[in-house]
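Structural overview for review
Spelled out, the chains give:
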Amino acid sequence: METIKTEIKKELPFVKSHVALSVLVMGYLLSLTLLLQGLSGAYATEFGSHPDEAAHYVTGVMVYDYLSRGLNQPPMEYAFNYYDHYPKVAIGHWPPGFYAAFGTWALLFSPSRLSTLMFMAFITAVMAFFLFVIVRSRVGVYWGLGCATLLILVPLVQKYTASVMVDTAIALLCLLTAVAFIQYLEKPRLIFALAFGTFAAAAVLTKQSGVLMALVIFLAMLLSRRIELLKHWTFWVGSTIAIAISVPWLLFNYQIVKDAWTDPWGLPYTIKALPLFVKGMANMLGYPLLFAAGVGFASVCVKALRNRGGVAPLWAVAVSLPVGVIVFHSIVPASIDDRYLISALPGVLLLTIGGVSSLTEQLSRRFPQMRRTARWTLFLLIFGLFMVGQFEIPQKRFEGFGPIVDRIMSEGSVTGEHILVSSDSRGEGALIAELTMAETQRPNHVVHRGSKVLSSSDWMGRDYAPRFKSDSGLIRFLEQSAINWVVVDETVSGRMLREHHMLVGRALRYNTRAFTEVDNFPIKRGSPDLDGSAILYRRTGIARTTSGTTSVVARSARSVTGAVRNYLSRIPPRAAATTETVNPGVICMCDDHDDKTARCGLKAANLE
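We now turn to the structure provided with this report. (Residues numbered from 1 in each chain as written. Predicted model: local features only at pLDDT ≥ 70, side-chain atom pairs only at ≥ 80, totals over all residues. Heavy atoms only, no water.)

A closer look at the overall build of the protein
If you tally the helices and strands in the protein, you get 25 helices and 7 strands. Restricting the contact set of the protein to residue pairs at least 6 apart, pairs at least 24 apart contribute 79%. Element-wise, carbon and sulfur atoms account for 63% of the exposed surface of the protein, whose accessible area totals about 24900 Å². (Helix = DSSP H or I, 4+ residues; strand = E, 2+ residues; numbered from the N terminus. Contact = heavy atoms within 4.5 Å. Areas by Shrake-Rupley, 256 points an atom, 1.4 Å probe, with all protein chains shown as cover.)

And the structure:
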């Protein structure tokens, strides 16, 4: 592979400085990202495209509310109270880094849908910008623009840029750690050690999988033949920062994360996961682009064997990043999900540039007349094949719970009424997110999730057991609780359709004494086969109220805030399967109700 020049090969004639160039490029990348978000329909849909999306949004809004109006309250008390109202707070299962960043962003702008999606677009654009900086400094401006554009166009990146998910954020921090470590390998100075240590710690505090950067750093040191840096005091300054900040968090919530894994530790999982992650990379990028990256990978490895001085730091890190990501996720049995591969993309795209350079050398030797055009021809060919074979704009369609929230807020009390929503995790989360977004004074209304109040299971839905076996038991529970509104989502199907959900739909349909049907609302889940409707029920006797008047039931609900939890606390655990009762104590601050195997997220985070 030919040596990549360190100077910028071609300057844009109308750009007078590197600062102006950076501003123009960042503006272009952000505009492209926002355009793709808009074309995907992200701004017209709700936060229900993934079961985790609403949890990330609600938790971020909680941090925003605490920073803007709750600093006079103990953080643990505030968080538990917030969860009692909006039971999608997930800090504890996930680290606080993403939520702290979003909360700060919301302070500057707002926690609105537009602002939230712009925050996600900004993360992706910054990641693409740093990839541009790396490529520009070695090859040139146009190559950097092409590589950064390609990163944004990858459908998987588009999908998670249009959603409130942490995967692009962890990918950005992994890239920043990699960039800092490249600089450290080239010049082992304290400033670069501090940088890679800080970014690595931030990665772990954004998502636990950020610990994979330890593997990436070690592999890069092996490839570059810089193991002697383990003896350098600056390396351990940076490493100590990462260890001191990240290890306490990993120890606190290890059990919670472990209980959410899909498989046990062991070789069988690795044997199953490794080929699937490799296949996922091929599906994400297409075989022509992956072939070029493979050529770059092989060239680096051959050079490592031939060159006693080791591989150049850039290429050592470029190889180590995708290898570290795939190996880590093939060992840690969290789940097999292509979104984890987003963190590997910058390294793969760098290897693609290296592969194009290597192929250019071979073509130039055989066809000297192509020396000037071979590199661009190859890159454009690979880019074109990607656009034809892989490029698409994933459509985000999940909507219908917003109008339900609007109806409840317009016809119910202006103060905190209790709402029970029965759906799958996406539907329950979407309603909670829409309510959180709609309320100007938070926390206000109180939401109860049917999957948690009417049944029990762990975070992954295992060990499921309904709490009620008959219509009469469920109706009796609803009558004795402070619940004023019930939302039954009829679009739940397949493996997500559980016994408690069918029971509540049947009970309210045929028992009109306690609750009356208000209206049907269309629910769109992105496919005609999945679309349907949700039914809103209102406690019988509730009259429409104004801002100055509240109904008797609404006043009663306020006076018995916590009635549901008090009702639940009188019943022994696991009796639901036979006696139509519920688990004791407060509703857990995470999705896991199996107290024998998992602790509550906020408690595990030691935020008390």
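What about the packing of aromatic side chains?
Counted by the stated rule, this structure contains 25 aromatic pairs. Consider the rings of Tyr184 and Phe196, whose centres lie 5.5 Å apart with planes at 65°: the pair is edge-to-face. Here Tyr184, found in helix α8 (residues 167-186), pairs with Phe196, found in helix α9 (residues 190-204); they are 12 residues apart in sequence, far enough to count as distant. Both residues of the pair, Tyr184 and Phe196, belong to the buried class. (Phe/Tyr/Trp six-rings, centres within 6.5 Å; stacked < 30°, edge-to-face > 60°. Buried < 20%, exposed > 50% of the residue type's maximum accessible area, 1.4 Å probe, protein only.)

Details of the pairing of strand β7 (residues 532-539)
Counted residue by residue, β7 has 6 buried out of 8 residues, so it is predominantly covered. Note that strand β5 (residues 483-489) and β7 share 5 bridges and pair antiparallel. Bridging across to β7, Trp485 finds its partner in Arg538. Two strands pair when backbone bridges link them, and strand β6 (residues 515-523) and β7 are joined in this way by 8 bridges, in the antiparallel orientation. Paired with Glu517 across the bridge in β7 is Tyr537. (Pairing = 2+ DSSP bridges.)

Details of the packing of helix α15 (residues 345-366) against helix α16 (residues 374-389)
In a pair of packed helices, the angle between the axes and the distance between the axes together describe the arrangement. Two elements in contact, α15 and α16, have axes separated by 9 Å at closest approach and are oriented at 130°. The angle between α15 and α16 places the two elements in the oblique class. The crossing of α15 and α16 is right-handed. Taking contact as the criterion, the partners of Ile353, Val356, Ser357, Leu359, Thr360, Leu363 and Ser364 in α15 are, on α16, Ala374, Arg375, Leu378, Phe379 and Ile382. (Axes fitted to C-alpha atoms, helices over the stretch in contact; angles between N-to-C directions. Parallel < 35°, antiparallel > 145°, perpendicular 65-115°, else oblique. Left-handed = near helix turned anticlockwise from the far one by under 90°.)

A few points about helix α4 (residues 97-108)
The first and last C-alpha atoms of α4 sit 17 Å apart over 12 residues, in line with the 16 Å expected at 1.5 Å per residue. Turning to α4, its buried residues number three or more, namely Phe98, Tyr99, Phe102, Gly103, Trp105 and Ala106. On an axial view of α4, the arc spanned by its buried residues comes to 160°, and they lie on one face. Packed against the buried residues of α4 are α2 (53-69), α5 (113-138) and α8. (Expected span 1.5 Å × (residues − 1). Arc of directions from axis to C-beta.)

Considerations on the environment of Gly310
As for its placement among the helices and strands, Gly310 is situated in the loop between α13 (287-306) and α14 (313-331). On the basis of relative accessibility, which here comes to 7%, the residue Gly310 falls in the buried class. Sequence separation between Gly310 and Arg226 is 84 residues, and the spatial gap between their C-alpha atoms is 7.9 Å. Those residues within four positions of Gly310 in sequence are excluded, and the remaining contacts are Leu223, Ser224 and Arg225.

Here we look at the sheet that holds strand β1 (residues 418-422)
The 5 strands lie next to each other as β2-β1-β5-β7-β6, forming an open sheet whose pairing is mixed. Of all strands in the sheet, those with a lone pairing partner are β2 (446-449) and β6, marking the two edges. Across the sheet, the mean angle separating the axes of adjacent strands is 20° when strand polarity is ignored. In terms of strand pairing, β1 meets β5 through 5 bridges, oriented parallel.

Section: the nonpolar core
Phe98, Phe181, Ile404 and Val487 are the most contacted members of the largest nonpolar core, which totals 146 residues. A total of 15 residues in this core trace back to one element, the largest contributor, which is α8. Other than its neighbours up to four places away in sequence, Phe98 contacts His56, Phe119, Met120, Ile123, Val164, Met165, Val166, Ala169, Leu205 and Thr206. Core analysis: the second largest hydrophobic core is formed by 19 residues, Val453, Phe477, Ile483 and Tyr537 among them. (Core = buried A, V, L, I, M, F, W, Y, C linked by side-chain atoms within 4.5 Å.)

Let's talk about a nonpolar patch on the surface
Where nonpolar side chains cluster on the molecular surface, the patch consists of Phe218, Leu222, Ile227, Leu230, Trp236, Ile243, Val247 and Leu251 and spans about 710 Å² of accessible area. Considering the arrangement of structural elements, one finds Val247 in helix α11 (residues 233-259). (Patch = residues over 30% accessible without salt bridge, like charges linked within 9 Å, V, L, I, M, F, W, Y side chains within 5 Å. Salt bridge = Lys/Arg side-chain N within 4 Å of Asp/Glu carboxyl O.)

Observations concerning the side chain of His50
Within the secondary structure, His50 sits in the loop between α1 (18-40) and α2. Side-chain polar atoms of His50 contact the backbone nitrogen of Asp52, separated by 3.0 Å. Excluding residues within four positions of it along the chain, His50 makes contact with Tyr160, Met165, Arg339 and Arg426. (Polar contact = N/O pair within 3.5 Å; in protein donor to acceptor, adjacent residues only side chain to side chain.)

So, the pattern of salt bridges
One pass over the full model with this rule turns up 20 salt bridges. A salt bridge links Lys272 to Asp263; the nearest nitrogen and oxygen atoms lie 3.1 Å apart. The shortest N-O distance in the salt bridge between Asp424 and Arg525 comes to 3.0 Å. Of this pair, Asp424 sits in the loop between β1 and α18 (425-438) while Arg525 sits in the loop between β6 and β7, and the two are 101 residues apart along the sequence.

Details of empty space enclosed by the protein
Summed over all chains, the structure comprises 3 cavities of 30 Å³ or more. Quantified by volume, the largest cavity comes out at close to 50 Å³. As for the largest cavity, its lining consists of Ile134, Leu175, Ala178, Val179, Ile182, Val317, Ala318, Leu321, Gly347 and Leu350. Going through the elements one at a time, α8, α14 and α15 are the ones with two or more residues in the lining of the largest cavity. In terms of residue count, α8 provides more of the lining of the largest cavity than any other element does, 4 residues in total. Of the residues in the lining of the largest cavity, the class split is 9 nonpolar, 1 polar and no charged. (1 Å grid on protein atoms, 1.4 Å probe; cavity = no way out; pocket = protein on both sides within 12 Å on 5 of 7 lines; lining within 4 Å. Points joined across faces, edges and corners; volume = space filled by probe spheres on them. Nonpolar A, V, L, I, M, F, W, Y, C, P; charged D, E, K, R; others polar.)

With respect to unusual backbone geometry
The peptide bond linking Arg442 to Pro443 adopts the cis configuration, its omega dihedral lying at -5°. Along the chain, the position of Pro443 falls in the loop between α18 and β2. Positive phi is not limited to glycine here, since Arg225 has a value of about 55°. For Arg225, the location among the structural elements is in the loop between α10 (212-223) and α11. The class of Arg225 is partly exposed, set by a relative accessible area of 38%.

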